[in-house]
Amino acid sequence: MTRETAGGAGEREAVVYDLDSECTTDDLEYETPYLAEINGIVEYGIFVDLSESVSGLVHESVLEGTYRVGQELVVELETVRDNGDLSFAPVDAEPTDVEAVGHDVSLTGTDRLEANVGEQITLEGEIVQIKQTGGPTIFHVADEFGVVTAAAFEEAGVRAYPSVELGTVVRLTGTVDRHDGSIQLEVEGLSTLDDEDETDARERLEAARDERAEPADVEPLIDWPAFESLRPELAEVARRLRRTVLEGRPIRARHHADGDGMCAAVPVQLALERFIADVHEEPAAPRHLFKRLPSKAPFYEMEDATRDLTYALEDRDRHGQQLPLLLMLDNGSTEEDVPSYETLAHYDIPIIAIDHHHPDPDAVESLLDAHVNPYLHGEDYRITTGMLCVELARMIYPDLTDEIRHVPAVAGLADRSKADAMTEYVELAADAGYEESHLRDVSEALDYAAHWLRYSPGNRLITDVLGIDCDESHHRDLVAMLAESARDAVSHQLEATTPHLEHESLENGAHLYRIDVENYAHRFTYPAPGKTTGEIHDRKITETGDPVITVGYGPDFAVLRSDGVRLDIPEMVAELKAELPGAGISGGGHLVVGSIKFVRGKREAVIDALVEKMARAEIDEALTTAPALDD
């Protein structure tokens, strides 16, 4: 700080210096006049403020006259006591020529907090969450390196710094402390940046986040040309998800509650939770900022959407969170998702879908921020969502690779993928200690567990079934028990349904099997109608060795599977909508496996029309086995 004096010996400085609100004791110099404001009067003197964090006492022994709170006074630094208290003396000068003194800020990043415990630091960042507790106000502040909580106390339950909002860029001064085992800042001063300071800070934050959001450049687990066209889109999604974590925004993952859906969601969950833990100082952040939510249907039902929206709005109002990013996995590509997407479009909730069901791009593209689907690249369901998401998880957090390299094989077996790459995926899993028979048990156990978990994610149970971060003997015992229970349940179900199976030979030479799962299958148990239909279908394929179509129907739904017949179920559903007005038809799925809904009174007409279309379909014995049927 440069000083200008009036000249001759013994003369006092003519300029009075006014400290910026950010200035600290490091900005003070002896024998220099400062503009102060009286903030308190006691018997032994007066207390003065020179900035937000620079205050001290002018002793009554050096005072003359009378004073009032709020009055300006020119003072100079007299002493700094061992405990840090400051003592000032009045200066006989009029503050007519005042020069502002800025604070040369030395910023400390969140990456250096551990080394500064007990020290006062200054930090700049963006407010990404504001939570009012019964005591202090808790701000979550994101800088270039991470996110830290900062506690500011006005009085119990009263909002500190009420003008500060989400998205505000601030500079705060505080002491680094430990609270409940984590690093926290005890705020002593907080101010909003504006003009050039705000612009510079935002540019610095944006550049740092862009750099840190870059996904890992990992080699694919196997060399699969069909997969390569999807990798750039997965990398962009990884970038978006990492950026979302750095911005302190929650992520909610909705996934189909079957084997492939969980093989997709769990690796992404683990990758994001570990990245969140790296970014956020608060240990509970992974639990609060990421939630995995199973969906029974292979699309985003309004029931789920309204529930998700309600919780998101409550979290915003009660905990000061931003509205989340929604990640759809193994669902989200079809026209059936549109009503839910349109509901969320009224709020600031971005949506990303990664799926391998046959998509309706014209219906959903305008509502999605990103959409990854093999059908959009000339591929099909044989590239399962679990295979896609294992690569996505590795791009987000590559250190996870060894724990999840067997998961693509489980996903493929669970969804009955007959992709050429399945051989390599199974071999890759074998190298990690998972033989194919055990992988099949894992996929069966996942389906069985998912059925009984219903709307619960069952985090620990599912990772134990997948063999991630758990004792191997415990994993194998658990899988053996669940898989055996699943097989017993399937056998019990088929004993009840098989005697009621209807068969006919279609004009094109295919076998058609029908089963009324409403009246001739055990309800509200495992396996559900889709799985029951699939098990019957698989047995008939083995028995006949011919093209087979299997239909399981109830009062207002039908589930379909086909092998060796060139079906296009989404196209058939579209045609039926036009041909049967008033039937309330909806549905879709893969080309040769799917479901359809209708009103009860039109069941006979809908199923008859379906059979007619199936009878006209071309036979193609080279078609691969259909994927697992959605329940």
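Above this text sits the structure in question.
Residues numbered from 1 in each chain as written. Predicted model: local features only at pLDDT ≥ 70, side-chain atom pairs only at ≥ 80, totals over all residues. Heavy atoms only, no water.

## So, the sheet that holds strand 23 (residues 593–597)
Judged by pairing direction, the sheet is mixed, and its six strands sit side by side in the order 18-19-20-21-23-22 without closing on themselves. Strand pairing shows two members of the sheet lacking a second neighbour, strand 18 (502–505) and strand 22 (586–589), which therefore form its edges. Looking at each pair of strands side by side, their axes are set apart by 15 degrees on average, direction ignored. Judged from the six bridges that link them, strand 20 (residues 548–553) and strand 21 (residues 557–563) form a sheet pairing that is antiparallel. Residue pairing for strand 21: Thr 550 is matched across the bridge by Arg 561. Contacts from helix 18 (residues 603–616) reach strand 19 (511–516), strand 20, strand 21 and strand 23 within the one sheet, and its direction differs from that of strand 19 by about 160 degrees. (Pairing = 2+ DSSP bridges. Helix = DSSP H or I, 4+ residues; strand = E, 2+ residues; numbered from the N terminus. Axes fitted to C-alpha atoms, helices over the stretch in contact; angles between N-to-C directions. Contact = heavy atoms within 4.5 Å.)

## Focus: the packing of helix 9 (residues 385–396) against helix 11 (residues 407–414)
For the pair helix 9 and helix 11, interaxial distance at closest approach is 8 Å and the crossing angle is 165 degrees. One finds that helix 9 runs roughly antiparallel with respect to helix 11. Both helix 9 and helix 11 take part in a crossing whose hand is right-handed. Residues Gly 386, Met 387 and Val 390 of helix 9 pack against Val 407, Pro 408, Ala 411 and Gly 412 of helix 11. (Parallel < 35°, antiparallel > 145°, perpendicular 65-115°, else oblique. Left-handed = near helix turned anticlockwise from the far one by under 90°.)

## Quick word on helix 13 (residues 436–453)
Over its 18 residues, helix 13 runs 25 Å from end to end, which matches the ideal 26 Å to within 8%, given 1.5 Å per residue. Within helix 13, 13 of the 18 residues are buried, leaving the element largely enclosed by the surrounding structure. Arg 454 lies just past helix 13 and shows a positive phi near 55 degrees. (Expected span 1.5 Å × (residues − 1). Buried < 20%, exposed > 50% of the residue type's maximum accessible area, 1.4 Å probe, protein only.)

## Let's talk about the sheet that holds strand 9 (residues 137–142)
Two pairing modes exist for strands in a sheet, parallel and antiparallel, and in both the strands are linked by backbone hydrogen bonds. Strand order in the closed barrel formed by five strands is 8-9-10-12-11, with mixed pairing between adjacent strands. Between one strand axis and the next, the sheet turns through 55 degrees on average, direction left out of account. Pairing of strand 8 (residues 120–132) with strand 11 (residues 169–179), which is carried by seven bridges, proceeds in the antiparallel orientation. Note on strand 11: the bridge partner recorded for Leu 123 is Leu 172.

## Comments concerning the nonpolar core
Membership of the largest hydrophobic core comes to 93 residues, with the highest contact counts inside it found for Trp 224, Leu 241, Leu 327, Ile 354, Leu 392, Leu 446 and Leu 466. If you tally residues by element for this core, the top one is helix 4 (residues 259–279), at twelve residues. When sequence neighbours within four positions are dropped, the list of residues in contact with Leu 392 reads Leu 234, Val 237, Ala 238, Leu 241, Val 268 and Ile 354. (Core = buried A, V, L, I, M, F, W, Y, C linked by side-chain atoms within 4.5 Å.)

## Remarks on unusual backbone geometry
Of note, the bond from Tyr 526 into Pro 527 is cis; its omega dihedral lies within 30 degrees of zero at 0 degrees. Looking at the secondary structure, you find Pro 527 in the loop between strand 19 and helix 16 (529–544). For Asp 469, which is not glycine, the phi torsion reads 55 degrees and is therefore positive.

## Considering the side chain of His 475
Mapped onto the elements, His 475 comes out in helix 15 (residues 472–497). On the basis of relative accessibility, which here comes to 2%, the residue His 475 falls in the buried class. A polar side-chain atom of His 475 sits 2.8 Å from a polar atom in the side chain of His 438. In this structure His 475 touches Tyr 434, His 438, Val 442, Asp 464, Val 465, Leu 466, Gly 467 and Cys 470, once residues within four positions along its chain are discounted. (Polar contact = N/O pair within 3.5 Å; in protein donor to acceptor, adjacent residues only side chain to side chain.)

## Structural notes on the pairing of strand 9
Most of strand 9 sits inside the fold, with six of its six residues counted as buried. Of the two faces of strand 9, the one holding Thr 137, Phe 139 and Val 141 and the one holding Ile 138, His 140 and Ala 142 are both buried throughout. Two successive antiparallel strands, strand 8 and strand 9, enclose a turn made up of four residues. Across six bridges, strand 9 lies against strand 10 (residues 147–152) in antiparallel orientation. The residue of strand 10 that forms the bridge with Val 141 is Val 148. Remark: four residues form the turn of the hairpin made by strand 9 and strand 10, two consecutive strands paired antiparallel.

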